[in-house]
Amino acid sequence: TGTTTGTTTGTTTGTTTGTTTGTTTGTTTGTTTGTTTGTTTGTTTGTTTSIFDGNWVRPCSDLDGAGFSVSGLIIDGANLGIGVLFFEDSDCSIPSIPAESSGLFSVVYPGGSTDTILGVATHVDVTEVESSLNGETTVIEDPETFYGLFLISNGQLFLDDTEAAFELDGTTPARRPTDLDFDFVFDRQ
């Protein structure tokens, strides 16, 4: 009985039996395998959905005059990984320096949606927990949450557009963007 607040990262394997009463708030990252038996009463903030789960790729694309890149996303429930390879040419065959960047994020699906011109986009709260540039990894010590949108249409994943309106930059839930970014689209693999 009580309140649990915090972050759990890792893998849990086994059996849990008992009763949990109270409020759980935080981020859970990892894999849970086993059997849970008992009664849970209280409030859980955020849920995990698998509609976005999978591998997503953005083919060779122009970075508005700053070179070219190929990007990949892997979404697995509450976990998101992104990798970007940078290139000097439009064929994405000549690596540039820096050559690669990646990040690990926790994702919370808080409920809620926004109507867009492609359909109804799902609200997502994304927090970067780790970043890497050319293999040098940095754990984010004071992570910030970004409040955005995901939408799947015709096998493509669309993300929110934080540049469409200054007041909708995703820095708070009230400032969650309402437009999609049509220049940064991923194809399901």
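Cut-offs applied
- Residues numbered from 1 in each chain as written.
- Predicted model: local features only at pLDDT ≥ 70, side-chain atom pairs only at ≥ 80, totals over all residues.
- Heavy atoms only, no water.
- Core = buried A, V, L, I, M, F, W, Y, C linked by side-chain atoms within 4.5 Å.
- Buried < 20%, exposed > 50% of the residue type's maximum accessible area, 1.4 Å probe, protein only.
- Helix = DSSP H or I, 4+ residues; strand = E, 2+ residues; numbered from the N terminus.
- Contact = heavy atoms within 4.5 Å.
- pLDDT = per-residue confidence, 0-100.
- 1 Å grid on protein atoms, 1.4 Å probe; cavity = no way out; pocket = protein on both sides within 12 Å on 5 of 7 lines; lining within 4 Å.
- Points joined across faces, edges and corners; volume = space filled by probe spheres on them.
- Nonpolar A, V, L, I, M, F, W, Y, C, P; charged D, E, K, R; others polar.
- Disulfide = S-S within 2.5 Å.

Before going further, it helps to examine the nonpolar core. One finds Ile75, Leu80, Tyr109, Phe150 and Leu157 to be the most contacted residues of the largest nonpolar core, which totals 14 residues. Among the secondary structure elements, those contributing two or more residues to this core are strand 3 (68–76), strand 5 (95–108), strand 7 (119–133) and strand 10 (156–160). Here Leu157 is in contact with Phe52, Trp56, Leu73, Ile75, Phe150, Leu151, Ile152, Phe184, Val185 and Phe186, once residues within four sequence places are set aside. Of all hydrophobic cores here, the second largest spans six residues; its members include Leu151, Phe158, Leu180 and Val185.

In this section: the side chain of Ser153. Tracing the sequence through the fold places Ser153 in strand 9 (residues 145–153). If we skip the residues at most four places from it in the chain, Ser153 touches Leu118 and Phe158.

This brings us to the confidence of the model for the protein chain. Detailed reading of the predicted coordinates is not advisable wherever pLDDT is low. For the protein chain, mean pLDDT is 80; residues scoring 70 or higher make up 74% of the total. The low-confidence segment residues 1–47 (pLDDT under 50) makes 59 contacts with residues lying over four places distant or belonging to another chain.

A separate point is the layout of surface pockets. Size it by volume and the second largest pocket reaches roughly 860 Å³. Lining the second largest pocket we find 27 residues, and of these Leu159, Asp160, Thr162, Asp181 and Phe184 sit closest to its centre. The set of elements that each furnish at least two residues to the lining of the second largest pocket consists of strand 2 (54–62), strand 3, strand 4 (79–87), strand 7, strand 9, strand 10 and strand 11 (180–188). It is strand 4 that contributes the most residues to the lining of the second largest pocket, four residues altogether. Partitioning the lining of the second largest pocket into residue classes produces 14 nonpolar, three polar and ten charged.

The next point concerns the state of the cysteines. Inspection of the entire model under this criterion finds one disulfide. Each sulfur in the disulfide pair Cys60 and Cys92 lies 1.9 Å from the other. Taking the sign of the S-S torsion, about 80° here, the bridge from Cys60 to Cys92 comes out right-handed. Of this pair, Cys60 sits in strand 2 while Cys92 sits in the loop between strand 4 and strand 5, and the two are 32 residues apart along the sequence. Using a relative accessible area of 14% as the deciding quantity, one classes Cys92 as buried.

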